[in-house]
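# Survey of secondary and tertiary structure
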Amino acid sequence: MTTLFIADLHLSADRPDITDCFLRFMAEETANIDALYVLGDLFEMWIGDDDNSPFHQQIKRAFKQLTDSGTPCYFIHGNRDFLVGKQFSRETGVTLLDEHTVVDLYGTPTLILHGDTLCTQDESYQKYRKKVHNRFVQWLFLRLPLSRRLKIGAKMRQSSSSTNQQKDAMIMDVDPNTVDQVLIEYGVTHMIHGHTHRPNVHHIEVNNQPATRTVLGDWYDHGSVLVVTSTESRLETRQFQPQ
Ligand code: OKV
Ligand code: MN
């Protein structure tokens, strides 16, 4: 009885070390689990489900094998791969969930999310997010030829990396008031998210009740997996193989 959570792998063809660690994780650790949840930023970039490179095919095959074997797999969009869509879902058997979803983890209702919606102090990011999440804007973007979308994506990533270097570490973390509000809104005392790349289990108090906020780690220099069983919850790491 085990459920696994991962997030922020930021998979790309340029990082075979991460890809290898992920494919090894999928092959060796998912055989007898109840479910796998991917809480966003599985991919470093996603400009449409029609970008069917050999790299993407390899990743999709790993999910298809898992779901074909009868293991449910769920995905919540991250700020990088929010365009993962119905075609990806059909091709992989992965179920796309709403950005904020309450799941029952062995009797404990738990809110799962990517985590970018909690970073409300980063006003410029939230403004940008609202634009690129607009359905009409997305429809227009997806009508562009793949070659143009690749170029626009590269430009946007280039300008964002210089903006983020200037941002304060504080505003890039979650806003504690937003965390409380969201837990109250969903009527739960546990949440699991990624995005901030600050793996930890925070014990907090909301409405005089003990609550937890579990943050998954990124996969930049090692893997990060949350293992949840009926009796415990553990944040673990996975080493990359020497390349
Ligand atoms: C993902 C981020 C690039 C952050 C563009 C409409 C618009 C979608 C898009 C293009 C970029 C995702 C899809 C990428 C995340 C960046 C830069 C910063 C902070 C439009 C809908 F605007 F052109 F109309 N995009 N790509 N960033 O390259 O994967 O999260 S991306
Ligand atoms: Mn993120």
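Residues numbered from 1 in each chain as written. Chains lettered and ligands numbered in written order. Predicted model: local features only at pLDDT ≥ 70, side-chain atom pairs only at ≥ 80, totals over all residues. Heavy atoms only, no water.

The next subject is the overall build of the protein. If you tally the helices and strands in the protein, you get seven helices and 11 strands. Taken over the C-alpha trace, the protein has a radius of gyration of 18 Å; the compact-globule value for 243 residues is 18 Å, and the two agree within 12%. On the principal axes, the C-alpha backbone points of the protein span a range of 50 × 40 × 35 Å. Within the protein, the proportion of its 243 residues that are buried is 47%. Of the contacts formed within the protein by residues at least 6 apart in sequence, a portion of 65% connects residues at least 24 apart. (Helix = DSSP H or I, 4+ residues; strand = E, 2+ residues; numbered from the N terminus. Rg over C-alpha atoms; globule rule 2.2 N^0.38 Å. Buried < 20%, exposed > 50% of the residue type's maximum accessible area, 1.4 Å probe, protein only. Contact = heavy atoms within 4.5 Å.)

Next up on the list: the sheet that holds strand 6 (residues 108–113). Hydrogen bonds along the backbone pair up the strands of a sheet, which may run parallel or antiparallel. Spatial ordering of the open sheet is given by 5-6-7-9-8, a layout of five strands whose pairing is mixed. For this open sheet the edge positions go to strand 5 (100–105) and strand 8 (200–206), each flanked by a neighbour on one side alone. Strand-to-strand twist in this sheet, taken as the mean axis angle between neighbours without regard to direction, amounts to 25 degrees. Sheet strands touched by helix 7 (residues 176–186): strand 5, strand 6, strand 7 (190–193), strand 8 and strand 9 (209–215). Its angle to strand 8, the strand with the most contacts, is close to 70 degrees. (Pairing = 2+ DSSP bridges. Axes fitted to C-alpha atoms, helices over the stretch in contact; angles between N-to-C directions.)

A few words now on the UniProt feature "binding site: Mn(2+) 2" (unreviewed entry) in the protein. When the UniProt feature table is mapped onto this chain, "binding site: Mn(2+) 2" (unreviewed entry) is found at Asp41, Asn79, His114 and His195. A compact arrangement is adopted by the annotated residues: their sequence extent is 155 residues, whereas the largest C-alpha distance between any two is 8.2 Å. Relative to the elements of secondary structure, Asp41 occurs in the loop between strand 2 (35–38) and helix 2 (54–68). Contacts of Asp41, omitting those with residues within four sequence positions, involve Asp8, Leu9, His10, Gly78, Asn79, Arg80, Asp81, His114 and His195. Tracing the backbone through its elements, the reader meets His195 in the loop between strand 7 and strand 8. Not counting the four nearest positions on each side in its chain, His195 is found in contact with Asp8, Asp41, Asn79, His114, Gly115, Asp116 and Cys119. (UniProt positions renumbered as here; feature names shortened; annotations may be inferred.)

The next subject is the nonpolar core. Nonpolar side chains tend to gather and get buried jointly when the protein is soluble and globular. The biggest cluster of nonpolar side chains holds 34 residues, and the ones touching the most others in it are Phe22, Leu36 and Phe63. Sorting the residues of this core by element identifies strand 1 (2–6), helix 1 (16–29), strand 2, helix 2, strand 3 (73–75) and strand 10 (223–229) as the ones contributing at least two each. Setting aside anything within four residues of it in sequence, one finds Phe22 in contact with Ile6, Leu9, Leu11, Leu42, Ile59, Phe63 and Trp219. With 14 residues, the next largest nonpolar core counts Ala35, Tyr37, Val103 and Leu216 among its residues. (Core = buried A, V, L, I, M, F, W, Y, C linked by side-chain atoms within 4.5 Å.)

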